[in-house]
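Structural description and commentary
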Amino acid sequence: MIPVGFEEVLRAAQNGDPDAQVAMGYLFFKGDGVVQDRREAARWFGLAADQGNAEAMCNLGHMRAHGLGMRLDLEKSMELYQKAAELGDARAMFNLGFMYSDVEGIPQDWEKAYHWYSKAADQGNVIALYRMAVMNEEGRGIPQDIPKAIGFYTTCFEAGYPKAGYRLGMIYLEGRGVPVNPDKAAKYMIKAADMGSEDAMCALGKMHISGQGMTHSFSNAKKWLTKAANRGSAEAGELLEKINKGELK
């Protein structure tokens, strides 16, 4: 258990306590009660990492990946994430998956990405499970498996992740591997929109315009599209403009 007071934490860190060293790293990384100093943060994380602390390794990996307080080095970042992941750090597992799937400068490898997302999901990482669902739906790195994608999306949605509800809505709206079911799509979209998904809000606006799964209503469409536009949806803004100009019927 890390002591509460700064002086006690500092003393414990200086005496070699890796948890205290990690705590010191966070203080300097964030500038929490001390002058922000990313180099000093890296020094403390490094001391803890040298003692096998997986959280510190993951933090150093993040700093290496983004050039925070130390030279940007994606290869070194991957090594640090790998070590931390092998020690059971779920955040490092997710970050490895992300590096393989999304980071320019790392050869894209969907199979390895799926492997590490799966490891992170096994430890309760909902976003990792969501990314696995997308890969199952789109057949990236693995054979396409819509039923498995639906199962993963459902788990994520039930855990409060609105993007998963939007993806479920689109599956049933467009009939992606399942019969088209606009009513079921609407239920997912409404719930996802209520949870804050601007994509679902925009989709509901479009459904009101087309009358697919919702009543044909420009006033209701404008309500949802305005909400989506206020959250940054460019598509919703363009559709609103077309409605206001009378370009949509």
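Scroll up a little and you will see the structure.
In what follows, the accompanying structure is described. Keep in mind it's a predicted model, so treat the numbers as computed, not measured.

1. Focus on helix 14 (residues 234-244)
Among the residues of helix 14, those classed as buried are Ala 236, Leu 239, Leu 240 and Ile 243. Considered in projection along helix 14, the buried side chains sweep an arc of 105° and stay on one side of the axis. Exposed and oriented more than 90 degrees from the buried face of helix 14 are Ala 234 and Glu 238. Tucked inside the fold, the buried residues of helix 14 contact helix 12 (198-210) and helix 13 (218-230).

2. Some thoughts on the pattern of salt bridges
Tallied over the full model, the rule gives 11 salt bridges. Notably, a salt bridge pairs Arg 43 with Glu 40, separated by 2.9 Å at the nearest N-O pair. Taken as a pair, Arg 43 and Glu 40 lie in helix 3 (residues 38-49) at a separation of 3 residues, close to a single helical turn. Between Asp 102 and Arg 131 there is a salt bridge; the shortest N-O distance is 3.0 Å. Remark: Arg 131 occurs in helix 8 (residues 126-138) and Asp 102 occurs in helix 6 (residues 90-102); sequence separation between them is 29 residues. Judged by relative accessible area, Asp 102 falls into the partly exposed class, the value being 41%.

3. Overview of the layout of surface pockets
Taken as a whole, the largest pocket holds about 250 Å³ of empty space. For the largest pocket, the lining is made up of 15 residues, of which Met 170, Cys 202, Ala 203, Lys 206 and Glu 235 are closest to its centre. Of all the elements in the fold, those that place two or more residues in the lining of the largest pocket are helix 10 (162-174), helix 12 and helix 14. Broken down by element, the residue count for the lining of the largest pocket peaks at 7 residues, all from helix 12. Residue composition of the lining of the largest pocket, by class: 8 nonpolar, 3 polar and 4 charged. In this structure, the second largest pocket occupies an estimated 170 Å³ of space. Considering the residues around the second largest pocket, the lining is formed by His 62, Ala 65, His 66, Leu 74, Tyr 81, Arg 91, Phe 94, Asn 95, Phe 98, Met 99 and Val 103. Counting only elements with at least two residues in the lining of the second largest pocket, the list comes to helix 4 (54-66), helix 5 (74-86) and helix 6. The leading source of residues in the lining of the second largest pocket is helix 6, at 5 residues. Among the residues forming the lining of the second largest pocket, the class breakdown is 7 nonpolar, 3 polar and 1 charged.

4. Some remarks on helix 3
An ideal rise of 1.5 Å per residue puts 16 Å on 12 residues; helix 3 measures up with 16 Å between its terminal C-alpha atoms. Here the buried face of helix 3 lies against helix 1 (6-14), helix 2 (18-30) and helix 4. Where helix 3 begins, one side-chain oxygen reaches toward the backbone nitrogen of Arg 39, 3.1 Å away; that side chain belongs to Asp 37.

5. Quick word on the side chain of Ser 233
Here Ser 233 lies in the loop between helix 13 and helix 14. In this structure, Ser 233 is in contact with Cys 202 and Ala 228, ignoring residues within four places of it in sequence.

6. Topic: the environment of Ala 48
Its place among the elements puts Ala 48 in helix 3. Using a relative accessible area of 0% as the deciding quantity, one classes Ala 48 as buried. Spatially, the C-alpha atoms of Ala 48 and Gly 16 are 8.1 Å apart, while their sequence positions differ by 32 residues.

7. Concerning the nonpolar core
Grouped burial of nonpolar side chains is what soluble globular proteins tend to show. Counting residues in each nonpolar core, the largest one holds 90 residues, and the members touching the most others are Met 24, Met 99, Tyr 153 and Leu 225. Residue contacts for Leu 225: discarding those within four places in its chain leaves Met 201, Cys 202, Gly 205, Ile 209, Ala 236, Leu 239, Leu 240 and Ile 243.

8. Details of the packing of aromatic side chains
Counting across every chain of the model gives 6 aromatic pairs. On the basis of an interplanar angle of 50° and a centroid distance of 5.4 Å, the ring pair of Phe 94 and Tyr 117 is categorised as tilted. A residue pair is termed long-range when its members are at least 10 positions apart, and Phe 94 in helix 6 and Tyr 117 in helix 7 (residues 110-122) qualify at 23 residues. Comparing Phe 94 with Tyr 117, the two get one shared label, buried. Judged by centre distance (6.0 Å) and plane angle (15°), the ring pair of Tyr 172 and Tyr 188 falls under stacked. Placement of the pair is Tyr 172 in helix 10 and Tyr 188 in helix 11 (residues 182-194), with a sequence separation of 16 residues. What makes Tyr 172 buried here is its relative accessible area of 10%. A cation over an aromatic ring shows up here: Arg 43 above the ring of Trp 44, its NZ or CZ 4.5 Å from the ring centre. In this structure, Lys 227 packs its charged tip against the face of Trp 224, placed 4.8 Å from the ring centre.

Quick notes on the rules
Residues numbered from 1 in each chain as written. Predicted model: local features only at pLDDT ≥ 70, side-chain atom pairs only at ≥ 80, totals over all residues. Heavy atoms only, no water. Buried < 20%, exposed > 50% of the residue type's maximum accessible area, 1.4 Å probe, protein only. Helix = DSSP H or I, 4+ residues; strand = E, 2+ residues; numbered from the N terminus. Arc of directions from axis to C-beta. Contact = heavy atoms within 4.5 Å. Salt bridge = Lys/Arg side-chain N within 4 Å of Asp/Glu carboxyl O. 1 Å grid on protein atoms, 1.4 Å probe; cavity = no way out; pocket = protein on both sides within 12 Å on 5 of 7 lines; lining within 4 Å. Points joined across faces, edges and corners; volume = space filled by probe spheres on them. Nonpolar A, V, L, I, M, F, W, Y, C, P; charged D, E, K, R; others polar. Expected span 1.5 Å × (residues − 1). Polar contact = N/O pair within 3.5 Å; in protein donor to acceptor, adjacent residues only side chain to side chain. Core = buried A, V, L, I, M, F, W, Y, C linked by side-chain atoms within 4.5 Å. Phe/Tyr/Trp six-rings, centres within 6.5 Å; stacked < 30°, edge-to-face > 60°. Lys NZ or Arg CZ within 6 Å of the ring centre and 35° of its normal.

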